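Commentary on secondary and tertiary structure
Residue strings, one per chain:
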Amino acid sequence: MNAIDTLARESSTSNAITTSIPTESTDLKHEQPVIITGMHKSGTSLTSSVLQASGVHIGENLMGPGPGNRLGHFEDMELYALHCHALVFQDIHMDGWTSQSRVSMPQQFLSRVQHLLEHRQKSPRLWGWKDPRTTLFLDFWKQTLLSAKFVFVYRNPWEVVDSLYRRGDSMFDNHPNAAIEAWITYNTAILEFCKHHPADTFLFDVANYCNGEKRILSHLCSKLEITLDMSCPPRYRDSELHTIAASTHRPAILQKCFPQALDLYEKLGQMADMPFLQTADVAQDSIDESYQFECLQDWAKLRRIQGEQKTTHEDLQAFQDQLQQYLLKHENSVV
């Protein structure tokens, strides 16, 4: 059983899925929403902000800034809530940490979906949304919105895992494998979807932002046959995407323990409309040596940090005791 599976609870009988995925009604067939998605920490928020600035209406009530996204998530709260509730209803973590690359939309949520779409389609502008969890519901949304266009952004696995760890989600403390397993799940779903719907998908590596947003927008508009405003000020900053993991032993760990992730990353590059294959210094003859040394070094660093935390806690406790004694002494002297 993998790390993600250990996070899931046994599905109850009352939550059995009896989804009958609706097809797009006649009056919706000419709608062409732009759906932005990808694995968490892969640049979906940046991409959503760029497309919003270029004219795509991505929602009215957007999620604000948070850990790892200081400029905002650019995520429609109504779509976010829909996906979270649909996942939790099926005993899947609300953030979409699952080994299932395809998740159904429960029958009980279909009226909510219809209401949401009726509201969003009133927009006179090109509209769409961004949510990484959309990746798990791709089949549902494609059958519901036949003319939808999908913008997929992907990022190399070592930087995504590193970013998730730096964000500090508590679940990765006990299930560190869940990060790379989720990366595999999400990007497998994306790869398969792009194979089946090449005309309706635009797949690119987030690293392409270093060469300018207009180049990405130009390719995107050409491929998906949509019109966007190219005059918007650039949104990307070099500091927005950390790229430090490639210069460490982390890629070697993935190559050693999760070679399927590196293989999948290469396949994404082969399928992508705008690849940007990034390699790390993980020559096969050096993987074992790097892996052994650096894993022990991580062990040593972890124990040192834990020791420092213990010392800090003891110092804090001693300070609190001294403060309490001082306050008691001061109180007695006043009396």
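These lines cover the structure that appears in this document, whether it is placed above or below. Because the structure is predicted, anything quoted here is derived from the model rather than measured. (Residues numbered from 1 in each chain as written. Predicted model: local features only at pLDDT ≥ 70, side-chain atom pairs only at ≥ 80, totals over all residues. Heavy atoms only, no water.)

Most of strand β3 (residues 149-154) sits inside the fold, with six of its six residues counted as buried. Neither face of β3 is left uncovered, since the one carrying Lys149, Val151 and Val153 and the one carrying Phe150, Phe152 and Tyr154 both have all their residues buried. As paired elements, strand β1 (residues 34-37) and β3 share four bridges and run parallel to each other. By the bridge assignment, isoleucine 35 is partnered in β3 with phenylalanine 150. Sheet topology note: the β3/strand β4 (residues 201-205) ladder contains five bridges and is parallel. Bridge pairing links valine 153 to phenylalanine 204 in β4. (Buried < 20%, exposed > 50% of the residue type's maximum accessible area, 1.4 Å probe, protein only. Helix = DSSP H or I, 4+ residues; strand = E, 2+ residues; numbered from the N terminus. Pairing = 2+ DSSP bridges.)

Our next topic: the environment of glutamine 255. Tracing the backbone shows glutamine 255 in helix α9 (residues 250-257). Here glutamine 255 falls in the partly exposed class, since its relative accessible area comes to 22%. It is 9.9 Å that separates the C-alpha atoms of glutamine 255 and tryptophan 158, two residues lying 97 residues apart in sequence.

This part is about the nonpolar core. Grouped together as the largest cluster of nonpolar side chains are 53 residues, with contacts concentrated most on Met105, Trp141 and Trp183. Elements with a contribution of two residues or more to this core: α2 (77-89), α3 (110-120), α4 (138-144), β3, α5 (157-167), α6 (171-174), α7 (177-196) and α10 (259-271). Grouped together as the second largest cluster of nonpolar side chains are 22 residues, Leu51, Phe202, Ile216 and Met274 included. (Core = buried A, V, L, I, M, F, W, Y, C linked by side-chain atoms within 4.5 Å.)

All chains considered together, the criterion is met by 13 aromatic pairs. Ring plane angle 75 degrees and centroid distance 5.9 Å describe the contact between phenylalanine 152 and phenylalanine 193, whose orientation is recorded as edge-to-face. Residue phenylalanine 152 is located in strand β3, and its partner phenylalanine 193 is located in helix α7; the two are separated by 41 residues in the primary sequence. The same class applies to phenylalanine 152 and to phenylalanine 193, which are both buried. Between the aromatic rings of phenylalanine 204 and tyrosine 209, the centroid separation amounts to 5.8 Å while the plane-to-plane angle is 75 degrees, which identifies the pairing as edge-to-face. An identical accessibility class is assigned to phenylalanine 204 and tyrosine 209; each is buried. Put simply, the rings of Trp127, Trp129, Phe140 and Trp141 touch in pairs and so form one group of aromatic residues. (Phe/Tyr/Trp six-rings, centres within 6.5 Å; stacked < 30°, edge-to-face > 60°.)

Relative orientation of the contacting elements α7 and α10 amounts to 30 degrees, with a least axis distance of 10 Å. In terms of their interaxial angle, α7 and α10 are classed as roughly parallel. Considering the relative orientation of α7 and α10, their crossing is left-handed. For the pair α7 and α10, the contacting residues are Ile180, Trp183, Ile184, Asn187, Thr188, Leu191, Cys194 and Lys195 in the first and Gln260, Ala261, Leu264, Tyr265, Lys267, Leu268 and Met271 in the second. Class assignment for the residues of the contact of α7 with α10 results in ten nonpolar, three polar and two charged. (Axes fitted to C-alpha atoms, helices over the stretch in contact; angles between N-to-C directions. Parallel < 35°, antiparallel > 145°, perpendicular 65-115°, else oblique. Left-handed = near helix turned anticlockwise from the far one by under 90°. Contact = heavy atoms within 4.5 Å. Nonpolar A, V, L, I, M, F, W, Y, C, P; charged D, E, K, R; others polar.)

With twelve residues, helix α8 (residues 213-224) should reach 16 Å at 1.5 Å per residue; the first-to-last C-alpha distance of 16 Å fits that figure. Considered for burial, the residues of α8 that qualify are Glu213, Ile216, Leu217, Leu220, Cys221 and Leu224. For α8, the angular spread of the buried residues around the axis is 130 degrees, confining them to a single face. More than 90 degrees from the buried face of α8, the exposed residues found are Lys214 and Ser222. The first or second residue beyond α8 is glutamate 225, which carries a positive phi of 55 degrees. (Expected span 1.5 Å × (residues − 1). Arc of directions from axis to C-beta.)

Relative to each other, α5 and α7 sit at 135 degrees, their axes nearing to 9 Å. As the angle between them shows, α5 and α7 are arranged oblique. At the point where α5 passes α7, the crossing takes the right-handed sense. Contacts from Pro157, Val160, Val161, Leu164 and Tyr165 in α5 reach Asn177, Ala179, Ile180 and Trp183 in α7. The class makeup of the residues in the contact of α5 with α7 is eight nonpolar, one polar and no charged.

Next up on the list: the pattern of salt bridges. Taken as a whole and assessed by the stated rule, the structure comprises twelve salt bridges. Close ionic contact of lysine 223 with aspartate 273 constitutes a salt bridge, the shortest N to O distance being 2.9 Å. Taken as a pair, lysine 223 in helix α8 and aspartate 273 in the loop between α10 and α11 (284-334) lie far apart in primary sequence, 50 residues in all. Classification of lysine 223 by relative accessible area gives partly exposed; the value is 28%. When salt bridges that share partners are traced, they join Glu75, Asp95, Lys130, Asp131 and Arg133 into one network. (Salt bridge = Lys/Arg side-chain N within 4 Å of Asp/Glu carboxyl O.)

The next subject is a nonpolar patch on the surface. A contiguous nonpolar surface patch, about 510 Å² in accessible area, is contributed by Leu316, Phe319, Leu323, Tyr326 and Leu327. The residue tyrosine 326 is located in helix α11 in this model. (Patch = residues over 30% accessible without salt bridge, like charges linked within 9 Å, V, L, I, M, F, W, Y side chains within 5 Å. Areas by Shrake-Rupley, 256 points an atom, 1.4 Å probe, with all protein chains shown as cover.)

So, on to the sheet that holds strand β2 (residues 128-130). In spatial order, the strands read β2-β1-β3-β4; together these four strands make up an open sheet with parallel pairing. Only two strands of the sheet have a single neighbouring strand rather than two, namely β2 and β4. The mean angle between the axes of side-by-side strands here comes to 10 degrees, regardless of whether they run parallel or antiparallel. Sheet topology note: the β1/β2 ladder contains three bridges and is parallel.

Any functional reading would require information beyond the geometric quantities listed.
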